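Chain and residue survey
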Amino acid sequence: PVTDVMLKVEGLKVAYGGIQAVKGIDLEVRKGELITLIGANGAGKTTTLKAITGTLPECKVEGHVEYAGQPIRGKTSFDLVRQQLAMVPEGRGVFTRMTIHENLLMGAYTRDDKAGIADDVDKWYGIFPRLKERSAQLAGTLSGGEQQMLAMARALMSHPQLLLLDEPSMGLSPIMVERIFEVVRTVAAQGVTILLVEQNARLALQAAHRGYVMESGLITMTGPAQAMLDDPKVRQAYLGEE
Ligand code: ATP
């Protein structure tokens, strides 16, 4: 059946040993949406993303995750990238001892359309001129913000339909944070569906269509992003207002 649900999570639970980090959550991301998952440190946001992509080998994971109408369990990250699901992890994970250019090409490792790859490299260099200027430099020499941009550009080189972003603004200067959010909006406007985990609730909700609030392993609120920005509880707990 044709579905506009890109990602469906039902009854997801994750335990690290005796610690229940995710306690049974449901969430849904529809095609073309930019959805944000906000919440305090330790709420379980990163664990949720890792459970979705199956990158939590040491843990007990229960529940159901469907991507593009298919159960996701047991797929390798290679399978997922080939099926156009890409994740940019917290801490970025660029290949520090490869050049910026090589990092971008690595992002295209599931593709074999040489001309298309070259066009995409040019496109991302256009969006991130800093990366172009430094294309022959080792990625490890980039600033945190530049590495974040490279990590996003590399993930986008795989032509994802769904992009999972884990705290792209973490540790960046206010100017770089603005720039990263601008890029997230640009990518969303190009039709890429995005699930964005963020502690910067204000900017995340300003960019998103809908949001979910996670607290101590549970989803405690969800709704249109604007309604959440206007909600007194969200304002007090996550937007730093009295
Ligand atoms: P942050 O924004 O700080 O990353 P988060 O909302 O992403 O927070 P998680 O990183 O998912 O939260 O952590 C959820 C809970 O699971 C926390 O209590 C954390 O201490 C615990 N946890 C995370 N990773 C592990 C691990 N590898 N082993 C044991 N406990 C873990």
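Everything below is about the structure printed above this text.
This write-up is about the structure you can find in this document.

Calculation rules
Residues numbered from 1 in each chain as written. Predicted model: local features only at pLDDT ≥ 70, side-chain atom pairs only at ≥ 80, totals over all residues. Heavy atoms only, no water. Axes fitted to C-alpha atoms, helices over the stretch in contact; angles between N-to-C directions. Helix = DSSP H or I, 4+ residues; strand = E, 2+ residues; numbered from the N terminus. Left-handed = near helix turned anticlockwise from the far one by under 90°. Contact = heavy atoms within 4.5 Å. Nonpolar A, V, L, I, M, F, W, Y, C, P; charged D, E, K, R; others polar. Buried < 20%, exposed > 50% of the residue type's maximum accessible area, 1.4 Å probe, protein only. Pairing = 2+ DSSP bridges. Near = heavy atom within 4 Å. Polar contact = N/O pair within 3.5 Å; in protein donor to acceptor, adjacent residues only side chain to side chain. Areas by Shrake-Rupley, 256 points an atom, 1.4 Å probe, with all protein chains shown as cover.

Before going further, it helps to examine the packing of helix α3 (residues 100-107) against helix α6 (residues 144-156). The contact between α3 and α6 brings their axes to 7 Å, and the two run at 35°. Where α3 crosses over α6, the handedness of that crossing is right-handed. Where α3 approaches α6, its residues Ile100, Asn103, Leu104 and Gly107 are matched on the opposing element by Leu150, Ala153 and Arg154. Of the residues contributing to the contact of α3 with α6, the split by class is 4 nonpolar, 2 polar and 1 charged.

Our focus in this paragraph is the environment of Ala68. Residue position: Ala68 is located in the loop between β4 (60-67) and β5 (70-71). With relative accessibility at 39%, the residue Ala68 sits in the partly exposed group. Remark: the alpha-carbon pair of Ala68 and Leu12, spanning 56 residues in sequence, is separated by 17 Å. Ignoring sequence-local partners within four residues, the contact set of Ala68 consists of Val5 and Met6.

A few words now on the sheet that holds strand β2 (residues 19-30). With antiparallel pairing, the 4 strands of this open sheet are ordered in space as β2-β1-β4-β5. Sheet topology places β2 and β5 at the edges, where each strand pairs with a single neighbour. Across 7 bridges, strand β1 (residues 5-16) lies against β4 in antiparallel orientation. Following the sheet pairing, Val14 is matched in β4 by Val61. Where helix α1 (residues 45-53) meets the sheet, it contacts β1, β2 and β4, and its direction lies at approximately 115° from that of β1.

Time to look at the site of the ligand. Taken together, 13 residues lie near the ligand, and Asn41, Gly42, Thr46, Thr47 and Glu167 sit nearest. Between the ligand and the protein, one listed contact pairs an oxygen atom with a side-chain N or O atom of Asn41 at 2.4 Å. Contact between the ligand and Thr47: an oxygen atom at 2.5 Å from a side-chain N or O atom of the residue. Protein coverage of the free-state accessible area of the ligand, which is 620 Å², stands at 61%. When grouped by side-chain class, the residues that make up the shell around the ligand number 4 nonpolar, 6 polar and 3 charged.

The values reported here are purely geometric and, on their own, carry no functional implication.
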